[in-house]
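Below are the chains, spelled out letter by letter.
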Amino acid sequence: MEFSMDSFSLKGKIALVTGASYGIGFAIGSSLGKAGATIVFNDINEEFLEKGLAAYKEAGIEAHGYVSDVTNETQIQEMIKKIEKDVGTIDILVNNAGIIKRIPMIEMTPEEWRQVIDIDLTGPFIMAKAVLPGMIEKGHGKIINICSLMSELGRETVSAYAAAKGGLKMLTKNIAAEYGEHNIQCNGIGPGYIETPQTAPLRVEGHPFNNFIIDKTPAARWGTPEDLKGPSVFLASDASNFVNGHILYVDGGILSSIGKQP
Ligand code: NAP
Ligand code: GCO
């Protein structure tokens, strides 16, 4: 495809963003919608789903919402069938849904560990497995996995999350390797520290982690969901058709720096 600015357009495409009622997922869904895609999203909670539908409508974005749990393959397979009937075959999947548990590893129960791995790693596997057949049949597809700085680095109390996000980085590369021949591109976005409900406990006034992140980040600020919109449209569009298996870190430079001297 010859490059033009239309290469960034998502007109006529159907994008499924998981966990996209608010936070990073909503920002990504909104950006793909503004680029022309029809947005489909899920949430595990009906109330949040309704709020999300209202928010997309207010933003002037056509969105369809489904209550489902990314860890439940039966629910996901049924949801994909409903989407294909109600909206059409999915062109773009963004695996955004995720949780974190901040618990010292030796205090974490196997059940707590499994819950994080199940949602953050097995969920993206289940979602990708559900949409790939339709993408193969169509002869194109985009999968974007929302990874993390913890796909590269560890820190205290986030062992399960880092293990899941490290695995998600490798799942991204494996999907790229296994399905690239079908004109399917699978890439990751690795957000830095972003202002969302998930990081709210770290940003309370005076919390040492708040200033720590600002000092560690060359951009000298927390990221916002807005910062993720452009990179998401790029990886969802024809402008990135030869980018495959790449994790695009949107982190203000934090991964490139040992931090400023005090
Ligand atoms: P968030 O505010 O906690 O939102 C997470 C979303 O995922 C919520 O809509 C939640 O729905 C949904 N979800 C959770 N479990 C689910 C399940 N089993 N099935 C379906 N949906 C589920 O998180 P966020 O900060 O926007 O983060 C979104 C993604 O970016 C996550 O994968 C996170 O790991 C990643 N990330 C975040 C940051 C950051 O600094 N914020 C940085 C790097 C990566 P409910 O509200 O109904 O539970
Ligand atoms: C934490 C934060 C991080 C961010 C993000 C960084 O407790 O360290 O929640 O994990 O969510 O993943 O990229």
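Small disclaimer: the values here were computed from a predicted structure and weren't measured.

Novice: Is there a simple way to think about the environment of R102 in this case?
Specialist: Its location among the elements puts R102 in the loop between β4 (92-95) and α4 (110-138). Taking C-alpha positions, R102 is 26 Å from V67, a pair spaced 35 residues apart along the chain. Not counting residues up to four positions away in its chain, the partners in contact with R102 are R155, T157, V158, Q198, T199, P201 and L202.

Novice: Please clarify how the packing of aromatic side chains should be interpreted in this entry.
Specialist: Following the criterion strictly, the structure yields seven aromatic pairs and no others. Taking 5.5 Å as the distance between ring centres and 70 degrees as the angle between the ring planes, the aromatic pair formed by Y22 and F48 counts as edge-to-face. Pair noted here: Y22 is in the loop between β1 (14-18) and α1 (23-34) and F48 is in helix α2 (residues 46-58), with a separation of 26 residues, a long-range link. For Y22, a relative accessible area of 43% gives the class partly exposed. The class of F48 is partly exposed, set by a relative accessible area of 32%. On the numbers, 4.5 Å between centres and 50 degrees between planes, the contact of F26 with Y56 is tilted. Linking F26 in helix α1 with Y56 in helix α2, this pair joins segments that are 30 residues apart in sequence. Y56 sits in the buried class, given a relative accessible area of 0%. Taken together, the ring pairs in this structure connect Y193, F209, F212 and W222 into an aromatic cluster.

Novice: What is the right way to read helix α3 (residues 73-86) from this model?
Specialist: Count 3.6 residues to each turn of an α-helix, and residues three or four apart come out pointing the same way. Compared with the 20 Å implied by 1.5 Å per residue over 14 residues, the 20 Å span of α3 between its first and last C-alpha is a close match. Within α3, burial applies to I76, M79, I80 and I83. Summarising the axial view, the buried residues of α3 lie within an arc of 100 degrees, below the 170-degree limit, and thus occupy one face. Looking at α3, the residues exposed on the side facing more than 90 degrees away from the buried face are T74, K81 and K85.

Novice: Explain the pattern of salt bridges here, please?
Specialist: Charged atoms that come close allow side chains of opposite charge to pair. Following the criterion strictly, the structure yields eight salt bridges and no others. Note that E156 and R155 form a salt bridge whose closest N and O atoms lie 3.4 Å from each other. On the basis of relative accessibility, which here comes to 53%, the residue E156 falls in the exposed class. One salt bridge in this structure joins K229 and E226, with 2.6 Å as the shortest N-O distance. Residue classification places K229 among the partly exposed positions, given a relative accessible area of 22%. What makes E226 exposed here is its relative accessible area of 53%.

Analysis parameters
- Residues numbered from 1 in each chain as written.
- Chains lettered and ligands numbered in written order.
- Predicted model: local features only at pLDDT ≥ 70, side-chain atom pairs only at ≥ 80, totals over all residues.
- Heavy atoms only, no water.
- Helix = DSSP H or I, 4+ residues; strand = E, 2+ residues; numbered from the N terminus.
- Contact = heavy atoms within 4.5 Å.
- Phe/Tyr/Trp six-rings, centres within 6.5 Å; stacked < 30°, edge-to-face > 60°.
- Buried < 20%, exposed > 50% of the residue type's maximum accessible area, 1.4 Å probe, protein only.
- Expected span 1.5 Å × (residues − 1).
- Arc of directions from axis to C-beta.
- Salt bridge = Lys/Arg side-chain N within 4 Å of Asp/Glu carboxyl O.

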